[in-house]
Amino acid sequence: NTSAGNYQNGISQLEEACELIKKLKGEKSKEYLNALNNLGLSYFYNSDYEKAEYGAFHSVDISKQLHGSQHIEYAVALSNLATIQLSGMKKYDEAEKNLNECKEIFEHLKKEESEEYASTLNNLANIYQDRGDYSKAEIFYKSSIRMYKKAGLENSLNYTYSIQNLGDLYSEMGRYTDAKIIIEK
(Lines give C-alpha, C1' and ligand atoms only; values in the text may rest on other atoms or scores of the structure.)
Protein backbone atom coordinates (compact mmCIF):
# COMPACT_ATOMS: atom_id res chain seq x y z
CA ASN A 1 0.00 0.00 0.00
CA THR A 2 1.51 3.28 -1.15
CA SER A 3 -0.15 5.48 1.48
CA ALA A 4 1.11 3.23 4.30
CA GLY A 5 4.62 3.47 2.86
CA ASN A 6 4.36 7.25 2.64
CA TYR A 7 3.15 7.40 6.22
CA GLN A 8 6.09 5.29 7.43
CA ASN A 9 8.45 7.52 5.46
CA GLY A 10 6.89 10.56 7.12
CA ILE A 11 7.40 9.03 10.58
CA SER A 12 11.03 8.26 9.70
CA GLN A 13 11.53 11.89 8.69
CA LEU A 14 9.94 13.10 11.92
CA GLU A 15 12.22 10.79 13.92
CA GLU A 16 15.25 12.21 12.11
CA ALA A 17 14.03 15.78 12.68
CA CYS A 18 13.57 15.05 16.40
CA GLU A 19 17.12 13.76 16.68
CA LEU A 20 18.51 16.74 14.78
CA ILE A 21 16.62 19.27 16.92
CA LYS A 22 17.73 17.42 20.04
CA LYS A 23 21.37 17.76 18.94
CA LEU A 24 21.04 21.42 17.90
CA LYS A 25 18.74 22.82 20.59
CA GLY A 26 19.01 20.26 23.37
CA GLU A 27 16.54 17.93 24.96
CA LYS A 28 15.21 20.61 27.31
CA SER A 29 14.14 23.02 24.56
CA LYS A 30 10.69 24.10 23.41
CA GLU A 31 11.66 23.22 19.84
CA TYR A 32 12.49 19.64 20.80
CA LEU A 33 9.30 19.40 22.86
CA ASN A 34 7.25 20.54 19.86
CA ALA A 35 8.98 18.05 17.54
CA LEU A 36 8.47 15.26 20.08
CA ASN A 37 4.76 16.10 20.34
CA ASN A 38 4.40 15.99 16.54
CA LEU A 39 6.17 12.63 16.41
CA GLY A 40 3.96 11.29 19.21
CA LEU A 41 0.83 12.35 17.33
CA SER A 42 2.08 10.52 14.26
CA TYR A 43 2.67 7.36 16.28
CA PHE A 44 -0.79 7.71 17.82
CA TYR A 45 -2.53 8.13 14.46
CA ASN A 46 -0.57 5.15 13.16
CA SER A 47 -1.84 3.09 16.16
CA ASP A 48 1.68 2.64 17.55
CA TYR A 49 0.49 3.39 21.07
CA GLU A 50 3.57 2.18 22.94
CA LYS A 51 5.83 4.62 21.06
CA ALA A 52 3.22 7.36 21.38
CA GLU A 53 2.96 6.78 25.13
CA TYR A 54 6.76 6.75 25.52
CA GLY A 55 7.01 10.07 23.68
CA ALA A 56 4.15 11.54 25.70
CA PHE A 57 5.84 10.55 28.98
CA HIS A 58 8.97 12.27 27.74
CA SER A 59 6.93 15.37 26.77
CA VAL A 60 5.37 15.51 30.24
CA ASP A 61 8.81 15.33 31.82
CA ILE A 62 10.26 18.07 29.58
CA SER A 63 7.18 20.29 30.05
CA LYS A 64 7.49 19.98 33.81
CA GLN A 65 11.18 20.89 33.68
CA LEU A 66 10.61 23.82 31.31
CA HIS A 67 7.44 25.24 32.86
CA GLY A 68 6.88 23.69 36.27
CA SER A 69 3.97 21.58 37.45
CA GLN A 70 1.44 24.43 37.62
CA HIS A 71 1.62 25.59 34.01
CA ILE A 72 -0.87 25.23 31.17
CA GLU A 73 1.74 23.56 28.91
CA TYR A 74 2.35 20.89 31.52
CA ALA A 75 -1.40 20.31 31.88
CA VAL A 76 -1.77 19.95 28.09
CA ALA A 77 1.11 17.44 28.04
CA LEU A 78 -0.66 15.43 30.77
CA SER A 79 -3.89 15.56 28.78
CA ASN A 80 -2.13 14.31 25.64
CA LEU A 81 -0.61 11.43 27.61
CA ALA A 82 -4.01 10.57 29.09
CA THR A 83 -5.62 10.62 25.64
CA ILE A 84 -3.12 8.03 24.42
CA GLN A 85 -3.61 5.94 27.54
CA LEU A 86 -7.39 6.14 27.31
CA SER A 87 -8.11 5.97 23.59
CA GLY A 88 -5.32 3.77 22.43
CA MET A 89 -4.40 1.57 25.36
CA LYS A 90 -7.41 1.42 27.70
CA LYS A 91 -5.18 2.22 30.69
CA TYR A 92 -8.02 3.77 32.65
CA ASP A 93 -6.30 4.13 36.03
CA GLU A 94 -3.27 5.93 34.59
CA ALA A 95 -5.41 8.12 32.33
CA GLU A 96 -7.73 9.04 35.22
CA LYS A 97 -4.76 10.00 37.42
CA ASN A 98 -3.29 12.20 34.68
CA LEU A 99 -6.63 13.80 33.80
CA ASN A 100 -7.37 14.58 37.45
CA GLU A 101 -3.96 16.25 37.80
CA CYS A 102 -4.66 18.16 34.60
CA LYS A 103 -8.09 19.22 35.91
CA GLU A 104 -6.55 20.45 39.17
CA ILE A 105 -3.97 22.53 37.29
CA PHE A 106 -6.65 24.17 35.15
CA GLU A 107 -8.67 24.95 38.27
CA HIS A 108 -5.60 26.31 40.10
CA LEU A 109 -4.82 28.54 37.10
CA LYS A 110 -8.48 29.63 36.82
CA LYS A 111 -8.68 28.21 33.27
CA GLU A 112 -12.00 26.38 33.64
CA GLU A 113 -13.52 28.29 30.75
CA SER A 114 -11.26 26.72 28.13
CA GLU A 115 -11.62 24.00 25.54
CA GLU A 116 -8.82 22.00 27.16
CA TYR A 117 -10.56 21.99 30.54
CA ALA A 118 -13.93 21.01 29.03
CA SER A 119 -12.22 18.25 27.05
CA THR A 120 -10.56 16.99 30.24
CA LEU A 121 -13.97 16.72 31.91
CA ASN A 122 -15.36 14.87 28.89
CA ASN A 123 -12.45 12.41 28.95
CA LEU A 124 -12.96 11.76 32.65
CA ALA A 125 -16.65 11.12 31.93
CA ASN A 126 -15.62 8.60 29.25
CA ILE A 127 -13.60 6.70 31.86
CA TYR A 128 -16.46 6.67 34.35
CA GLN A 129 -18.93 5.54 31.68
CA ASP A 130 -16.62 2.72 30.57
CA ARG A 131 -16.35 1.61 34.20
CA GLY A 132 -20.13 1.66 34.60
CA ASP A 133 -20.18 4.62 37.02
CA TYR A 134 -23.02 6.29 35.14
CA SER A 135 -23.97 8.91 37.73
CA LYS A 136 -20.41 10.23 37.86
CA ALA A 137 -20.14 10.12 34.05
CA GLU A 138 -23.35 12.15 33.73
CA ILE A 139 -22.04 14.81 36.12
CA PHE A 140 -18.80 15.15 34.15
CA TYR A 141 -20.48 15.19 30.72
CA LYS A 142 -22.88 17.91 31.90
CA SER A 143 -19.97 19.89 33.38
CA SER A 144 -18.06 19.54 30.14
CA ILE A 145 -21.01 20.84 28.12
CA ARG A 146 -21.49 23.72 30.56
CA MET A 147 -17.80 24.70 30.27
CA TYR A 148 -17.91 24.63 26.47
CA LYS A 149 -20.92 26.97 26.63
CA LYS A 150 -19.24 29.30 29.16
CA ALA A 151 -16.20 29.48 26.89
CA GLY A 152 -18.42 30.30 23.89
CA LEU A 153 -17.46 27.08 22.12
CA GLU A 154 -20.90 25.73 21.18
CA ASN A 155 -19.75 25.49 17.55
CA SER A 156 -16.70 23.35 18.31
CA LEU A 157 -16.53 19.71 17.32
CA ASN A 158 -15.56 18.71 20.88
CA TYR A 159 -18.73 20.37 22.23
CA THR A 160 -20.72 18.20 19.83
CA TYR A 161 -18.83 15.12 21.02
CA SER A 162 -19.71 15.89 24.64
CA ILE A 163 -23.40 16.19 23.78
CA GLN A 164 -23.26 12.98 21.75
CA ASN A 165 -21.45 11.21 24.61
CA LEU A 166 -24.12 12.30 27.09
CA GLY A 167 -26.81 11.05 24.71
CA ASP A 168 -24.97 7.74 24.35
CA LEU A 169 -24.73 7.48 28.14
CA TYR A 170 -28.48 8.02 28.48
CA SER A 171 -29.12 5.33 25.85
CA GLU A 172 -26.78 2.94 27.64
CA MET A 173 -28.72 3.62 30.84
CA GLY A 174 -32.06 2.97 29.11
CA ARG A 175 -33.05 6.65 29.42
CA TYR A 176 -34.10 6.92 25.77
CA THR A 177 -36.30 10.00 26.20
CA ASP A 178 -33.40 11.91 27.79
CA ALA A 179 -31.09 10.68 25.02
CA LYS A 180 -33.47 11.93 22.34
CA ILE A 181 -33.85 15.33 24.00
CA ILE A 182 -30.10 15.88 24.41
CA ILE A 183 -29.27 14.76 20.86
CA GLU A 184 -32.01 16.94 19.33
CA LYS A 185 -30.74 20.10 21.06
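Preceding this paragraph is the structure being described.
Starting afresh in each chain, residues are numbered from 1 along the sequence in its written order. Owing to the predicted nature of the model, reporting of local features is limited to residues with pLDDT of at least 70; listing and counting of side-chain atom pairs is limited to 80 or more, with chain, interface and lining totals taken over all residues. Side-chain metrics in this entry use all non-hydrogen atoms of the structure; hydrogen atoms and water are not considered.

Q: Would you mind going over the overall build of the chain with me for this structure?
A: Looking only at helices and strands, the chain has nine helices and zero strands in total. Its helices and strands in sequence order give the chain the pattern α-α-α-α-α-α-α-α-α, from N to C terminus. Burial classification: accessible surface area is computed with a 1.4 Å probe over protein chains only, and a residue below 20% of its type maximum counts as buried, one above 50% as exposed, and the rest as partly exposed. Every one of the 185 residues in the chain was classed for burial, and the buried ones make up 40%. Should any heavy atoms of two residues lie within 4.5 Å, those residues are considered in contact. Restricting the contact set of the chain to residue pairs at least 6 apart, pairs at least 24 apart contribute 56%. When charges are tallied, Lys and Arg are placed among the positive residues and Asp and Glu among the negative ones, while His and the ends of the chain are skipped. Charge positions are represented by NZ for Lys, CZ for Arg, CG for Asp and CD for Glu. Put simply, the chain has 22 plus and 28 minus side-chain charges, and the middle of one group is 4 Å from the middle of the other. In this text, helices come from DSSP runs of H or I with a minimum length of four residues, and strands from runs of E with a minimum of two, each type numbered from the N-terminal end.

Q: Would you mind going over the environment of E115 with me for this structure?
A: As for its position among the elements, E115 is in helix α6 (residues 115-131). Residue E115 is classed as partly exposed on the basis of its relative accessible area of 30%. Linking E115 and S144, residues 29 residues apart in sequence, is a C-alpha distance of 9.1 Å. In contact with E115, other than residues within four places in its own chain, are Y148, L153, S156 and N158.

Q: Quick question: what am I supposed to make of helix α7 (residues 134-150) here?
A: Two residues of an α-helix separated by three or four positions point the same way, owing to the 3.6 residues in each turn. Under the convention used throughout, the expected extent of a helix is 1.5 Å for every residue step, that is, one less than its residue count. With 17 residues, α7 should cover 24 Å at 1.5 Å per step; its first-to-last C-alpha distance of 24 Å lies within 8% of that length. Among the residues of α7, A137, E138, F140, Y141, S143, S144, I145, M147 and Y148 are the ones counted as buried. Where α7 is buried, its residues meet α5 (92-108), α6 and α8 (157-172). Count one or two residues on from α7 and you reach G152, which has phi positive near 70°.

Q: Would you mind showing me how to read the layout of surface pockets here?
A: Any space left empty among the atoms is revealed by the rolling of a water-sized probe across them. Whether a set of points on the 1 Å grid over the protein atoms alone is a cavity depends on a 1.4 Å probe fitting there but being unable to get out, while an open set qualifies as a pocket with protein on both sides within 12 Å along at least five of seven lines; lining residues are those with an atom within 4 Å of a point. Grid points are joined across faces, edges and corners, and a volume is the space filled by probe spheres set on the points. Roughly 720 Å³ of internal volume is contained in the largest pocket. Counting residues per element, the ones that place at least two in the lining of the largest pocket are α2 (30-45), α3 (49-67), α4 (72-88) and α6. Here the residues of the lining of the largest pocket sort into 12 nonpolar, 14 polar and four charged. Forming the walls of the second largest pocket are 14 residues, and the residues nearest its centre are E115, S119, N123, Y148 and N158. Each residue gets one label: Ala, Val, Leu, Ile, Met, Phe, Trp, Tyr, Cys and Pro are nonpolar, Asp, Glu, Lys and Arg are charged, and the others, such as Gly, are polar.

Q: How should unusual backbone geometry be read in this particular structure?
A: Where the residue is not glycine, phi is negative for most of them; where a peptide bond is considered, it is trans in most cases. Its identity as a non-glycine residue notwithstanding, S47 has a phi of 60°, on the positive side. Note that S47 resides in the loop between α2 and α3. Even without glycine at this site, K90 takes up a positive phi of about 60°. Here K90 is to be found in the loop between α4 and α5.

Q: Help me understand the packing of α6 against α7, please; the structure alone is not making it clear to me.
A: Packed helices, taken two at a time, are described by their axes: the angle between them and the distance between them. Axes here mean lines fitted to C-alpha atoms, for a helix over just the part in contact, with angles spanning 0 to 180 degrees between N-to-C directions. In contact at an axis separation of 8 Å, α6 and α7 are set at 165° when each is read in the N-to-C sense. Relative to α7, α6 is oriented roughly antiparallel. For α6 against α7, the interelement crossing comes out left-handed. Here E115, Y117, A118, S119, L121, N122, L124, A125, N126, Y128 and Q129 of α6 lie close against α7, whose contacting residues are Y134, K136, A137, F140, Y141, S143, S144, M147 and Y148. The scheme is simple: roughly parallel for angles under 35 degrees, roughly antiparallel for over 145, roughly perpendicular for 65 to 115, oblique for anything else. Rotating anticlockwise by less than a right angle from the far helix to the near helix defines a left-handed crossing, while the corresponding clockwise rotation defines a right-handed one.

Q: Can you walk me through the packing of aromatic side chains in this structure?
A: In summary, the pairing rule links any two rings of Phe, Tyr or Trp, Trp by its six-membered ring, whose centres are within 6.5 Å, and it sorts them by plane angle into stacked for under 30 degrees, edge-to-face for over 60 and tilted for everything else. Going through the model one piece at a time under the given rule, you end up with five aromatic pairs. Ring centres of F106 and Y117 lie 6.1 Å apart, and the angle between their planes is 75°; on these two criteria the pair is classed as edge-to-face. Residue F106 is found in helix α5, and its partner Y117 is found in helix α6; the two are separated by 11 residues along the sequence. Pair check on accessibility: F106 and Y117 agree, each one buried. Note on criteria: charge over ring means Lys NZ or Arg CZ within 6 Å of the ring centre, with the direction from the centre no more than 35 degrees off the ring normal. The ring of Y128 carries K136 above its face, with NZ or CZ at 4.6 Å from the centroid.

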